[in-house]
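The primary structure of each chain is shown beneath.
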Amino acid sequence: MENQNLNLLDRALGLDGPSEPWPLSGRVVLIEDCVETSGSFVLHQLVKRSLSPTSSNVIIFVAFANPFSHYDRILRKLGCNLVTQRDNKRFIFFDMLMLRCPDVDEGKSSEGGLVLLYEKILKTICGLPGDKKDYVTIMIDDISLVEVAANGGSDYVLDFLHYCHALTSEFDCSLITLNHEDIYSSMERPTLILQMEYLADILIKAEPLSTGLATDVHGQLTVLNKGTSHRLGRSGNKIHNFHYKVKENTVEYFYPGSRV
Amino acid sequence: MADTICRTLRDGGLEGEHAPALTIKDSKASPFGFDVFNYVLTQLSNYILAGKSQSRGLVVVAYSRSPSFYVDLLKRRGIDIASSHDWIHILDCYTDPLGWKNWLIDKDISQEASSLSSFCQDVRNLDKLYSLIIEQGKGLIGQGKDRFSIAIDSVSEMVRHASISSVAGILSNLRSHDQVSSIFWLLHSDLHEIKFTSVLEYLSSMVASVEPFNQAAFGQRVDLENLSMLEQNFRKGKFHVRFKRRNGRVRVMCEEILVELAGIKFTPVLSEDEIINQRLLPKRYGFVQQVQFNLQLSEEERNERAKVVLPFEHQGNGKPIQIYDGRRSLGENKEEALVSTGKLQPDEDSGKGQIIYFRDSDDEMPDSDEDPDDDLDI
C-alpha cells in the first residue's frame, strides 16, 4: 500500500495503513449513489485496491449491471488487468446479466434463485486454497438489479444480504455493495435501503454538491466509517467529506476549496 | 440513568408480576442502539456473575450478530464466556435463520453448534422459538425457583419473518413467564410502522430512545455548514428513558451519549444556563470564548449606559421628567420644557418644532364598551 499513490478515499477507508490484515476484512461497505452522481467509480477503485500486488485478496464479483468486458475496459485505464487476475483466480466473475440465477429452472421461485446464488458464493469460498480463504471480498453490482431479478421481492433480497453478511462473520470476508438511493426516495419507508444502511459498517455516499452543478467538481463523497467492534478492538466513528472529479484514466479527490 | 435501567433489569420482577421489559430504540439519524444494547448486556452479565441479580442465567437471542461476536464483546469487557458459560446461552438466529444451509446440496459446508450456542433454523416459527428460549433458559438455571433473563438483539429482524401480532405475542408470553426475571430488546424505529413501535412500547416497562444530538442536521445534503453537526451526530446522541412505575406514574429522564473507542458513555445533560455560561465566560476567567461576538459589557460601557436618559415619560426616580429632544446635551439648557404627568406645556419658542404630548389616559376615563379599533377603516 505504501508504494501506491493513496488518495483521500483510500485514507477515509483506512487503506493507508498496512495491507495485512486487510482493513476491510469482516466489514460491510455500502456505496449509495444517485442518477446525478454515479458511484460506480468507487466500486472500480475498490477493485483496483483489492487486487493490488501487495494484498492477497480474492474478489468474487457478482455482476447484475454490466458484462465483464465493461469492467475490464475501465480497470485497464486505472492500471489493473482483470483478464490476468481472472486467470490467476484472484478475480472470480459471476455474470448475472440475464437476471437469472445460475442453473435455475423456470419453475423455481425467486427465493430459490437467491439461495442458489448464495450457495454458489459459499462453494466458491470453500473451494479456495487455504491461504486465500481468509482474504475474500464479495462485490455486488448492484442491489437494485438483484431486486429486479427477485421480481421485486425485497424481503428475499434482504434475506440474501443477511446470509452474505453471515459470510463476513464466518470467513472474515468483506462485502461491498452498491445501491441507488434515489430509487427509494419516493417511498414513505424505504425499508430495503434502510436495512442496508444498518447492516453497513462503512457507508459511502456519492451525491451532488449542495450548491448545484459545477464543471470542475462532479460531486461529493461522504464516508461514514462506523467504529464497529472487530477482533482488533474498536475504532472510533469517523466521517469524511471531500469532492471528486472523474477523469478518463483516474478520479481526483480533493477537499472543498483546495483546487485552484 | 443507563445504570438505573440496568439495576431495574437486575432486580427483576416480584412474584406474580410481569418481568420488567426494556425497549431500546434508535433510528438512522442516531444509530447507537446496538451500542446501548451491548452496554446493558455487559452490565447485566456482570450482575449475574457477581450473584447480585435476581436472574441466574441469560439467554441471548442473536439475530444480527454471530455468537462469536458476543463472545469477543464480553471478553473485551473482562468476561470470558468461552471457558465458563454455565450461566449464558446464545440462541443463534443469525447464521442460518431460514434453513438455507439445509437446502445446500453439499452438506459438508454446514456448521457445527457448540455448547455455548445453538442454532435456530426457522425464525418464522415463533412458537418453536419461544420453546427454544424457555428450554435453553431452564437448562441454565436447572430445577427450582430461579429465574433467567432474555436479551433479543433485534426485534426489527424478528418482525421481518413474522407478523406484528405474533411478535407481540411471543414477547408478551416471555415477559409473563414466571421464570423470566427480565427481558430487553433492540428496535430500529424507522424500519417499522408507528403501530409496531407503539405495540412494543406498551409492552415495555422502560423505553430508552436514542436520538440525534443535532436534529436539524439529519436528512440534508452534506455541505460545509452541516458537516460539523453531522460529525457530532456521529459521535454523540441524546438518550431519553421513560419509566413506567408500578403505581402507574411515568418518569422521564434524559442523558447524553458519547460513543468512544472504549465503548459508549452516558453523561448527564447540561442545563441551558450551564451551556450558556460555558460559552460566555469572559476572557478574564481564562476560558476561551466560544462565540465570535462579545456579549459582555466593559466597566466603561456600563457607566455610559447608565448615563443615557431614556426618551420615555416615566424615568421612575420620582423627580420631574426631563425630555431629551436629541439636539442639546443633558442638563445644559434650562429653558427645556418640563413635562409632568397630566399637564400640557405650551411651547415658549414658537419658532422651533416640538412634540406636544397629551396624555389621554389621565383625562379620559377608560370606557370598557368602546372598542379601541373602532376608528380603523378596514
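Here the structure is shown first, and the text comes after it.
The following refers to the structure shown. (Residues numbered from 1 in each chain as written. Chains lettered and ligands numbered in written order. Predicted model: local features only at pLDDT ≥ 70, side-chain atom pairs only at ≥ 80, totals over all residues. Heavy atoms only, no water.)

### Thoughts on the interface of chain A and chain B
Inference 1: Opposite the 45 residues of chain A that make contact, chain B presents 49 residues.
Inference 2: Contact between chain A and chain B buries roughly 4200 Å² in total, counting both sides, with carbon and sulfur atoms accounting for 60%.
Inference 3: Our count for the chain A to chain B interface comes out at four salt bridges.
Inference 4: A salt bridge links Glu197(A) to Lys28(B), with the nearest nitrogen and oxygen atoms 3.2 Å apart.
Inference 5: The tally of links from chain A across to chain B stands at 13 residue pairs in polar contact (both at pLDDT 80 or more).
Inference 6: At ten residues, helix H7 (residues 154–171) of chain A tops the list of elements feeding residues into the side of chain A that touches chain B. (Contact = heavy atoms within 4.5 Å. Buried area = accessible area lost by both parts, 1.4 Å probe. Salt bridge = Lys/Arg side-chain N within 4 Å of Asp/Glu carboxyl O. Polar contact = N/O pair within 3.5 Å; in protein donor to acceptor, adjacent residues only side chain to side chain. Helix = DSSP H or I, 4+ residues; strand = E, 2+ residues; numbered from the N terminus.)

### With respect to the side chain of Gln85(A)
All names here are of chain A.
Inference 1: For Gln 85, the location among the structural elements is in helix H4 (residues 82–87).
Inference 2: In this structure Gln 85 comes out as buried when scored by relative accessible area, which is 12%.
Inference 3: Filtering out sequence-adjacent residues up to four positions away, Gln 85 remains in contact with Leu 51, Arg 90 and Phe 91. (Buried < 20%, exposed > 50% of the residue type's maximum accessible area, 1.4 Å probe, protein only.)

### Looking at the side chain of Ser27(B)
Inference 1: Counting through the fold element by element, Ser27(B) comes out in the loop between strand S1 (21–26) and helix H2 (33–49).
Inference 2: Assessed through its relative accessible area of 15%, Ser27(B) is described here as buried.
Inference 3: Setting aside residues up to four positions removed in sequence, Ser27(B) forms contacts with Tyr198(A), Ser189(B), Asp190(B) and Val210(B).

### Description of the packing of helix H2 (residues 40–50) of chain A against helix H3 (residues 68–77) of chain A
Residue and element names in this part refer to chain A.
Inference 1: Across the interface, H2 lies against H3 with an axial gap of 10 Å and an inter-helix angle of 70°. What the angle tells us is that H2 and H3 run roughly perpendicular. Two secondary-structure elements touch here, H2 through His 44, Val 47 and Lys 48 and H3 through Tyr 71, Ile 74 and Leu 75.
Inference 2: Tallied by class, residues from the contact of H2 with H3 come to four nonpolar, one polar and one charged. (Axes fitted to C-alpha atoms, helices over the stretch in contact; angles between N-to-C directions. Parallel < 35°, antiparallel > 145°, perpendicular 65-115°, else oblique. Nonpolar A, V, L, I, M, F, W, Y, C, P; charged D, E, K, R; others polar.)

### Concerning the packing of aromatic side chains
Inference 1: Within the structure shown, the criterion is met by 19 aromatic pairs over all chains.
Inference 2: Aromatic pair Phe41(A) and Tyr244(A): ring centres 4.4 Å apart, planes at 40°, arrangement tilted. Of this pair, Phe41(A) sits in helix H2 while Tyr244(A) is found in strand S10 (residues 238–246), placing the two residues 203 residues apart along the sequence.
Inference 3: The exposure class of Phe41(A) is buried, given its relative accessible area of 9%.
Inference 4: Residue classification places Tyr244(A) among the buried residues on the basis of a relative accessible area of 2%.
Inference 5: Here the aromatic rings of Phe61(A) and Phe93(A) are separated by 5.9 Å at their centres, their planes lie at 10°, and the arrangement is stacked. Taken as a pair, Phe61(A) in strand S2 (residues 58–63) and Phe93(A) in strand S3 (residues 91–95) lie far apart in primary sequence, 32 residues in all. Considered together, Phe61(A) and Phe93(A) belong to a single accessibility category, that of buried residues.
Inference 6: Joined through ring pairs, the aromatic side chains of Phe61(A), Phe68(A), Tyr71(A), Phe91(A) and Phe93(A) make up one cluster.
Inference 7: The aromatic ring of Tyr47(B) is capped on one face by Arg10(B), whose charged end is 4.9 Å from the ring centroid. (Phe/Tyr/Trp six-rings, centres within 6.5 Å; stacked < 30°, edge-to-face > 60°. Lys NZ or Arg CZ within 6 Å of the ring centre and 35° of its normal.)

### As for the state of the cysteines
Inference 1: With the rule as written, the count across this model stands at zero disulfides over all chains.
Inference 2: Here Cys164(A) is not disulfide-linked; the sulfur of Cys173(A) is the nearest cysteine sulfur, at 8.4 Å.
Inference 3: Residue class for Cys164(A) comes out buried when judged on its relative accessible area of 0%.
Inference 4: Cys120(B) supplies the cysteine sulfur nearest to Cys93(B), a cysteine that is in no disulfide, at a spacing of 4.2 Å. (Disulfide = S-S within 2.5 Å.)

### So, the pattern of salt bridges
Pairs can form between side chains of opposite charge whenever their charged atoms are close.
Inference 1: Enumeration according to the criterion identifies 17 salt bridges over all chains in this entry.
Inference 2: One salt bridge in this structure joins Lys205(A) and Glu181(A), with 3.1 Å as the shortest N-O distance. A residue pair is termed long-range when its members are at least 10 positions apart, and Lys205(A) in strand S6 (residues 202–207) and Glu181(A) in the loop between strand S5 (174–180) and helix H8 (191–199) qualify at 24 residues.
Inference 3: A salt bridge links Lys25(B) to Glu201(B), with the nearest nitrogen and oxygen atoms 2.6 Å apart. One end of the pair, Lys25(B), is in strand S1; the other, Glu201(B), is in helix H8 (residues 194–203), with 176 residues separating them in the sequence.
Inference 4: You can call Lys25(B) buried: its relative accessible area is 18%.
Inference 5: In this structure, a network of salt bridges that share partners links the residues Asp155(A), Asp159(A), Glu157(B) and Arg160(B).

### Quick notes on the environment of Asp3(B)
Residues and elements named next belong to chain B.
Inference 1: Take Asp 3: it is sitting in helix H1 (residues 2–11).
Inference 2: In sequence terms Asp 3 and Leu 116 are 113 residues apart; their C-alpha atoms lie 27 Å from each other.
Inference 3: When near neighbours in sequence (up to four residues on either side) are disregarded, Asp 3 contacts Tyr 39 and Gln 43.

### Looking at the sheet that holds strand S4 (residues 136–141) of chain A
Residues and elements named next belong to chain A.
Inference 1: Strand order across the open sheet formed by nine strands is S3-S2-S4-S5-S1-S6-S7-S10-S11, with mixed pairing between neighbours. With one partner strand each, in any of the chains shown, S3 and strand S11 (251–254) form the two edges of the open sheet. Going across the sheet, the axis of each strand differs from the next one's by a mean of 20°, ignoring polarity.
Inference 2: Running over the sheet, H7 touches strand S1 (28–33), S4 and S5 and is turned about 150° from S5. (Pairing = 2+ DSSP bridges.)

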